[in-house]
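Structure at a glance
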Amino acid sequence: MGELVSLADHRREHEREARDDGARATLVVAFDLASPFTYLTAERADRLPDDLDWRPVLIPGMGWSADRHARRVAEARAAALRLPLVWPELHASRGRGAMRAAAYAAEEERGGAFVLAAARLAFCGGFDLDDPDVLIEAAAAANLRLDGCLAAVSDPGRDVAMLETGRRLVGQGLDRLPGMVVGRRTFSGEDRLVEAVAAARADAWDLRRRALGR
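Residues numbered from 1 in each chain as written. Predicted model: local features only at pLDDT ≥ 70, side-chain atom pairs only at ≥ 80, totals over all residues. Heavy atoms only, no water.

Side note on the sheet that holds strand 4 (residues 185–188)
Rules: Strand pairing is defined by DSSP finding a minimum of two bridges between the two strands. To qualify as a helix, a DSSP run of H or I must reach at least 4 residues; to qualify as a strand, a run of E must reach at least 2; elements of each kind are numbered from the N terminus. Between the N-to-C directions of two axes lies an angle of 0 to 180 degrees, each axis being a line fitted to C-alpha atoms and, for a helix, fitted only over the stretch in contact.
Spatially, the 4 strands line up as an open sheet ordered 2-1-3-4, and their pairing is mixed. Lying at the two open borders of the sheet, with one neighbouring strand each, are strand 2 (52–56) and strand 4. Across this sheet, the average inter-strand angle for adjacent strands is 25 degrees, counted without regard to direction. The pairing of strand 3 (residues 179–182) with strand 4 spans 4 bridges and is antiparallel. Its bridge partner being in strand 4, M180 is matched across the sheet by F187.

Some words on the packing of helix 2 (residues 36–45) against helix 5 (residues 111–123)
We count it as follows: An angle below 35 degrees is treated as roughly parallel, one above 145 as roughly antiparallel, one from 65 to 115 as roughly perpendicular, and anything else as oblique. Should the near helix be turned anticlockwise from the far one by less than a right angle, the crossing is termed left-handed; should it be turned clockwise, right-handed. Two residues qualify as a contact provided that any one of their heavy atoms is within 4.5 Å of a heavy atom in the partner residue. Here the nonpolar group is Ala, Val, Leu, Ile, Met, Phe, Trp, Tyr, Cys and Pro; Asp, Glu, Lys and Arg are the charged ones; every other residue, Gly included, is treated as polar.
Here helix 2 crosses helix 5 at 125 degrees, and the two axes come no closer than 9 Å. Of the possible angle classes, the one that applies to helix 2 and helix 5 is oblique. Here the hand of the crossing between helix 2 and helix 5 comes out left-handed. When helix 2 is examined against helix 5, the residues P36, T38, Y39, A42 and E43 are found in contact with a partner set consisting of V115, L116, A119, R120 and F123. Each residue belonging to the contact of helix 2 with helix 5 can be placed in one class, and the counts come to 7 nonpolar, 1 polar and 2 charged.

A short note on the packing of aromatic side chains
In plain terms, the rule: The aromatic pairing rule takes the rings of Phe, Tyr and Trp, using the six-membered ring of Trp, and pairs them if the centres are within 6.5 Å, calling planes under 30 degrees apart stacked, those over 60 edge-to-face and the rest tilted. Summary of the burial criterion: residues with accessible area below 20% of their type's maximum are buried, those above 50% are exposed, and those between are partly exposed, where the area comes from a 1.4 Å probe applied to protein chains only. Placement of a charge over a ring requires the Lys NZ or Arg CZ to be within 6 Å of the ring centre, with the centre-to-atom vector within 35 degrees of the ring normal.
Inspection of every chain in the model, using the stated rule, returns 5 aromatic pairs. Taking 5.8 Å as the distance between ring centres and 65 degrees as the angle between the ring planes, the aromatic pair formed by F31 and W54 counts as edge-to-face. Here F31, found in strand 1 (residues 27–31), pairs with W54, found in strand 2; they are 23 residues apart in sequence, far enough to count as distant. For the pair F31 and W54, one class covers both residues: buried. Joined through ring pairs, the aromatic side chains of F37, Y39, W64, W87 and F123 make up one cluster. Residue placement shows R71 over the ring face of W87; its charged tip is 4.7 Å from the ring centre.

Right under this line is the structure:
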């Protein structure tokens with residue numbers, strides 16, 4: 001009986017490792033917090049069981065343009081998704097501090113929670129993400145250490161990493177933010193979220209099958 005129990009335990013451990021391997025089929029979301037499409041993506045992702053790896057990126061020439069046409073497009077998309085959308089009073093601000101805070105949140109594995117909280121404050125509450133008090137509220141909602149978050153906000157060195165990540169993803173084919181990356185495949189735009197999630201799930205299933213030797 002002891003040997004049988006050992007074999008059963010071994011199989012359970014093997015299956016657990018296979019599940020862990022599947023979790024490594026990561027779906028990365030590259031985003032700019034100034035964009036309302038990041039907010040729409042975060043709201044949609046919050047309804048999914050999948051874990052997404054949120055990564056702030058700086059890509060010159062690909063930032064959000066708050067002109068009248070762009071706003072109309074965003075408002076139409078929000079209406080189609082039945083999500084509220086309001087505009088922050090100072091939406092011309094670029095939210096660089098918020099992006100640094102988002103990078104810190106990603107390091108602490110709280111990226112998704114921070115993006116959702118910050119995006120809701122901006123595009124449901126109309127608050128300016130350049131306001132430190134607003135960032136503190138987002139950090140608290142995401143269970144982030146406030147001292148670490150505030151230190152990140154004032155650290156321009158974080159911009160270099162976000163620029164480098166942006167350049168790499170552009171080279172991989174990303175041409176619109178937010179964008180999703182699964183392995184070497186890119187899915188540009190909030191409207192491709194479902195497609196990206198399906199690709200990540202398919203990759204995870206393949207990893208599980210290989211790990212189990214099937």
